[in-house]
Amino acid sequence: MLNLWSLPPEEVYERLGSGPAGLEIGEAARRLEQYGPNELPAPEARSLALRLLDQVTHLMAVLLWLAGALAFLAGMPELGWAIWAVVVINAVFSFWQNYRAERALDSLRRVLPQKVRVLRQGFPRVIAARELVPGDLMVLEEGDRVCADSRLVWAESLQLDVSVLTGESMPVAREALAAEPRALVPVRAGQALQAGESPTRERVHAAEIRNLVLSGSSVVAGRGQAIAYATGARTEFGQVARLTTSVARERSSLELQIDELVRRLTFLSLGIGLLVFALAYQVVGLGLLESALFAIGIIVANVPEGFLPTVTLSLAVAVQRMARRQALVRRLSAVETLSATTVICTDKTGTLTQGCMALESLWLPAAGEVERADPLLTGAVLASNARLVDQVAIGDPTEVALLEAAQRLGLEIAASRLREAPFDSRRRLMSVVVEGLRLGLPPAPQLALTKGAPLEVLRRCNRVLLEEGVVVLQADARARIESAAAELSERALRVLALAARPGEGLDQLTPQALEQELVFMGLLGLHDPPRSEVPGAIERCHRAGLRITMVTGDAGPTARAIARQIGLEPGRTLTGDELEHLSQAQLLALLHSVPELLFARVLPEQKLRLVRAYQELGEVVAVTGDGVNDAPALKAANIGIAMGRKGTDVAREASDVVLTDDNFATLVSAIEEGRTVYANIRKFLTYVLSSNVPEMLPFLFMVGLKIPPALNILQILAVDLGTDMVPALALGSEPPEPDQMDRPPRPREQAMLDGKLLLRTYAFLGMLEGAAAMLAFAAVWWSHGYGLSELQAVTSSLLQHTAPRELELVLRQSTTLALATIIACQLGNVLACRSESRIGGAWWRNRLLLAGMALEGLALLALTHLPGWQRVFQTAPLSGWQWLSLLIWPPVMVLADAAAKRLRLI
């Protein structure tokens, strides 16, 4: 680095082949080719082979591998190969869905690449961070993520968060002055700077040098310009990043819940299988191998083989649908958290409103509201950082509105800026010092201009500009200004105040000293209309049982006026100062008792306190934010949601979801998608587990009534591993239900497989299918003249395979009809499972569902008519009346489910 920190800015430019105007365009392109993109090498990913191996070695897969091995030992290789084939097919499908989901997330992240502002050929430009090269002159502002190791050449009240490099939690000040030459030692990940170390020691960390800004740090306050000297893997952060690749990722709550569910279902299946083995061997008197085969069948029947692929498919589909609706998911597990959200803490500007400011009112102490006030508007524009680039105003929306208003009026605004005290959220002010300007004030070498929140500006004023000139600010004039600011706020205007201070030597004062003894000049009211779609989104939130709390840095009257326009009815409005004076017990009581609240003039730590208080009450909190000061609340929230257009790099890094259109309505749509994912997983479980009952009942009847089993093991597998798979996956990709947002949020602790789902699955749908299957089995025997006693008499010979061939054919036909009845019931069941509460729905819109139902029908035809399939699955062709009987069961399942829902039995 050639000790750049010890050189003055002029020599730094010379060393790096740059200048105050930045690099030439051609030179920047040449350096990009020479040094490569400004990005870290991708961390070494787990190989595709190992990731595929993960899919065949989880608990559920291991159980199926063992079941297949037992089938081989029992002399049924066809069964063993069938089970193993299902393990492999599921593994490949899960692997492919996981791979697609990861690729989709990567592509979505590339939609919002990090940007950086630079000067090139003297003009400000916004480029992708990966295109930054050594020698580029970066322009740094609050909220920016520093993306290259750089040397400051100019700074104004600049403060950085360097915790990612040093572990230091507090912001550190940075300046552009040359530092003492010392040797560098590398920064280590998480290595805090030692308290009490001598500042004159010979060796120093790069993060300690006050004129260096390092990649990975972020701008907390102030502004600056810095020239890049190291990019990509050559940065200090690049060295740290190498150490982080070995850190294991913490598992999400969704992954933990799925693991627990898989574990429960697997052990449940194993337990039932062992019980069946014991009953078959000890009670029924079957042989050891036959008992083992029945146990294998029951185990396989109870294992939901398609569960993991369906979860992945549901998440992947949801992520893609959310992307189409302008919500980019940065963490896959965030989709599930959205489903449990109960409270939304939203900011106002740009989220509930359009973020397109327009100057609507000018107010002067001498004349009140006026059509034109050139000195007031000129001063406000000079106290801003918005600028024209190719005749287009860019910058903060509020300041852009001021600049555009000055352009429309044809104002010539030019003054030499000597000093800037940047805006920060605590002072709620920004100030500049210029020369060569009067604005109707007494002549002076320099003029300080302060713009910000009216009350903050007013309390620093002791004089006011009237028609007769500058006079002392009396109490009645102060009250009149406060009243005017409140009146403008009640009209839903964002109100700014401007004050000035003529004098000399002002550029040498600290911000605190500079912003005293000011002359009040006037008020500016800017209108930011609500988004047209927000009132509808607010109404959807109310129907969905979501509480909305507006948390804004704007004035209370302005926020209340906007709230009324969008349909929010806050039960109480508090300012940040009032919030500060509430004890924790009082705050918790307030949040618990008042459904909707409005907090105005809130500081970052107060917003964080609100989030944690809601969480202490058991709420699942979603927080929106766009600035660097929102990052702590975004990180603390259960789901952090950053703005893609006006959001800072720091806010996006702290978030789980990024809204590319900065729209509150998009957030509500994302919550709907999160609820849909959770609902779809439950639909899948209901569908696949309900067929377990008719698969287990034949064995229970065999044990209890001493009759042949109504299904054989391969027929059970034909349902679980064949006909059910595609319809089950289709349920995992169902679109949101029309009334998805008319229901209250689910409790976060609610298990996927809760009592309500178990009751509906096993006690109702499963028993209905089981009764239908046993009725079909009995009907075939009755049609051949066999009642219960006659059937019991031939059971022993059928189980020992010594019965006459005619009797064997009747058994085949009876089990075939029982199998066909289960498949027919599942055709109705898949329609019933499309909702836990609704009746009907446009099932034809889900193409995968249509395909699954068609495949079920084709599989049934193959099972009953293809000789090869008949031989493997021991099936027989069905007669005309038997085919007709199958037409009854799909509508029976749908109608029975509809009746139970209407009567609220399930």
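Predicted model, so just to flag it, every value in this text is computed and none were measured.

Definitions and limits used
Residues numbered from 1 in each chain as written. Predicted model: local features only at pLDDT ≥ 70, side-chain atom pairs only at ≥ 80, totals over all residues. Heavy atoms only, no water. Helix = DSSP H or I, 4+ residues; strand = E, 2+ residues; numbered from the N terminus. Buried < 20%, exposed > 50% of the residue type's maximum accessible area, 1.4 Å probe, protein only. Contact = heavy atoms within 4.5 Å. Lys, Arg positive; Asp, Glu negative; His and termini not counted. Charge placed at Lys NZ, Arg CZ, Asp CG, Glu CD. Salt bridge = Lys/Arg side-chain N within 4 Å of Asp/Glu carboxyl O. Core = buried A, V, L, I, M, F, W, Y, C linked by side-chain atoms within 4.5 Å. Axes fitted to C-alpha atoms, helices over the stretch in contact; angles between N-to-C directions. Parallel < 35°, antiparallel > 145°, perpendicular 65-115°, else oblique. Left-handed = near helix turned anticlockwise from the far one by under 90°. Nonpolar A, V, L, I, M, F, W, Y, C, P; charged D, E, K, R; others polar. Pairing = 2+ DSSP bridges. Expected span 1.5 Å × (residues − 1). Arc of directions from axis to C-beta. Patch = residues over 30% accessible without salt bridge, like charges linked within 9 Å, V, L, I, M, F, W, Y side chains within 5 Å. Areas by Shrake-Rupley, 256 points an atom, 1.4 Å probe, with all protein chains shown as cover. Polar contact = N/O pair within 3.5 Å; in protein donor to acceptor, adjacent residues only side chain to side chain.

Draft legend 1. The overall build of the protein, seen in detail. From N to C terminus, the protein includes 34 helices and 28 strands. Reported as C-alpha extents along the three principal axes, the dimensions of the protein are approximately 120 × 60 × 50 Å. Taken over 906 residues, the protein has a buried fraction of 56%. Put simply, 74% of the contacts in the protein that link residues at least 6 apart link residues at least 24 apart. Looking at charge distribution, the protein has the averaged site of its 87 positive side-chain charges lying 2 Å from that of its 95 negative ones.

Draft legend 2. The arrangement of the pattern of salt bridges in detail. For the structure shown, the criterion picks out 39 salt bridges. Taking the shortest distance from any N to any O, the salt bridge between Glu-420 and Arg-417 comes out at 2.9 Å. Owing to a relative accessible area of 33%, Arg-417 belongs among the partly exposed residues under this scheme. In this structure, the salt-bridge partner of Glu-619 is Arg-547, at a minimum N-O distance of 3.1 Å. Remark: Arg-547 occurs in strand β23 (residues 547-551) and Glu-619 occurs in the loop between α21 (604-616) and β26 (621-625); sequence separation between them is 72 residues. Its relative accessible area of 15% is what places Arg-547 among the buried residues. When salt bridges that share partners are traced, they join Arg-117, Glu-141, Asp-144, Arg-223, Arg-417 and Glu-420 into one network.

Draft legend 3. Representation of the nonpolar core within the structure. Ranked by size, the top nonpolar core spans 122 residues in total, and within it Leu-79, Phe-307, Phe-664, Leu-685 and Phe-777 carry the most contacts. Counting residues per element, this core draws most heavily on helix α24 (residues 664-690), which supplies 14 residues. Listed in part, the 35 residues of the second largest apolar core include Ala-380, Leu-382, Val-434 and Ala-500.

Draft legend 4. Representation of the environment of Leu-697 within the structure. Within the secondary structure, Leu-697 sits in helix α25 (residues 692-705). Residue Leu-697 is classed as buried on the basis of its relative accessible area, which comes to 12%. Here the alpha-carbon distance between Leu-697 and Leu-711, two residues 14 residues apart in the chain, equals 9.4 Å. Not counting chain neighbours up to four residues away, the residues in contact with Leu-697 comprise Gly-770 and Ala-771.

Draft legend 5. Quick peek at the packing of helix α28 (residues 755-783) against helix α30 (residues 805-832). In the contact formed by α28 and α30, the axes pass within 8 Å of each other and the chain directions differ by 150°. It follows from the interaxial angle that α28 and α30 lie roughly antiparallel. Relative to α30, the crossing made by α28 is right-handed. Tallied by class, residues from the contact of α28 with α30 come to 15 nonpolar, 6 polar and 2 charged.

Draft legend 6. Spotlight on the sheet that holds strand β25 (residues 597-600). Spatially, 8 strands are ordered β10-β28-β27-β26-β11-β23-β25-β24 in an open sheet, and the strand pairing comes out mixed. The outermost strands of the open sheet, each flanked by one partner alone, are β10 (327-329) and β24 (572-575). The average undirected angle you get between the axes of adjacent strands in this sheet is 20°. Here 4 bridges tie β24 to β25, and the two strands are oriented parallel to one another. Bridge pairing in β25 links Thr-575 to Ala-600. Relative to the sheet, helix α18 (residues 556-566) contacts β23, β24 and β25, its axis offset from that of β25 by approximately 145°. Running at roughly 135° to β25, helix α20 (residues 584-593) makes contact with β23, β24 and β25 of the sheet.

Draft legend 7. Region of the structure containing helix α15 (residues 475-490). Along its 16 residues, α15 runs 23 Å from first to last C-alpha, staying within 8% of the 22 Å computed at 1.5 Å per residue. Turning to α15, its buried residues are Ala-477, Ile-481, Ala-484, Ala-485, Leu-488 and Ser-489. Across the axial projection of α15, the buried residues extend over an arc of 135°, all falling on one side. Pointing more than 90 degrees away from the buried face of α15 are the exposed residues Ala-475 and Asp-476. Along its buried surface, α15 packs onto β12 (358-364), β13 (368-370), α14 (454-458), β21 (493-503), β22 (518-527) and α18.

Draft legend 8. Expanded view of the pairing of β26. Counting buried residues in β26 gives 5 out of 5 residues, a clear majority hidden from the surface. What you see with β26 is no split at all: Val-621, Val-623 and Gly-625 on one side and Ala-622 and Thr-624 on the other are buried throughout. Relative to strand β27 (residues 639-643), β26 runs parallel, the two sharing 4 bridges. Within β27, the residue paired with Thr-624 across the bridge is Ile-641.

Draft legend 9. Quick peek at the packing of α24 against α25. With their axes 5 Å apart at the nearest point, α24 and α25 run at an angle of 20° to one another. Judged on the interaxial angle alone, α25 and α24 are roughly parallel. Of the residues in α25, those in contact with Val-688, Leu-689 and Ser-690 of α24 are Asn-692, Val-693 and Pro-694. When its residues are assigned to classes, the contact of α24 with α25 shows 4 nonpolar, 2 polar and no charged.

Draft legend 10. Representation of unusual backbone geometry. Even without being a glycine, Gln-326 presents a positive backbone phi close to 75°. Among the secondary structure elements, Gln-326 is positioned in the loop between α10 (307-324) and β10. The phi dihedral of Gln-874 is positive, around 55°, even though this residue is not glycine. With respect to the helices, strands and loops of the structure, Gln-874 is situated in the loop between α32 (867-873) and α33 (880-886).

Draft legend 11. Looking closely at a nonpolar patch on the surface. Nonpolar side chains collect at one region of the surface, where Leu-59, Phe-267, Leu-270 and Leu-274 lie side by side and expose about 360 Å² of accessible area between them. Take the nonpolar patch: its biggest share by element is 3 residues, from helix α8 (residues 253-284). The residue Leu-59 is located in helix α4 (residues 59-73) in this model.

Draft legend 12. Inspection of the side chain of Arg-174 at higher detail. Summarising the element assignment, Arg-174 is placed in strand β5 (residues 172-174). A polar contact is formed between the side chain of Arg-174 and the backbone oxygen of Leu-212, at a distance of 3.0 Å. Leave out the neighbours within four places in its chain, and Arg-174 touches Leu-152, Ala-155, Leu-158, Leu-160, Val-162, Ala-207, Glu-208, Ile-209, Arg-210, Asn-211, Leu-212 and Val-213.

Draft legend 13. Local environment of the side chain of Thr-864. Checked against the element boundaries, Thr-864 lands in helix α31 (residues 847-865). Residue classification places Thr-864 among the buried residues on the basis of a relative accessible area of 1%. Within the structure, the side chain of Thr-864 is placed 2.8 Å from the side chain of His-865, a separation counted as a polar contact. Apart from the residues within four sequence positions on either side, Thr-864 is in contact with Thr-816, Gln-870, Thr-875, Ala-876, Pro-877, Leu-878 and Trp-883.

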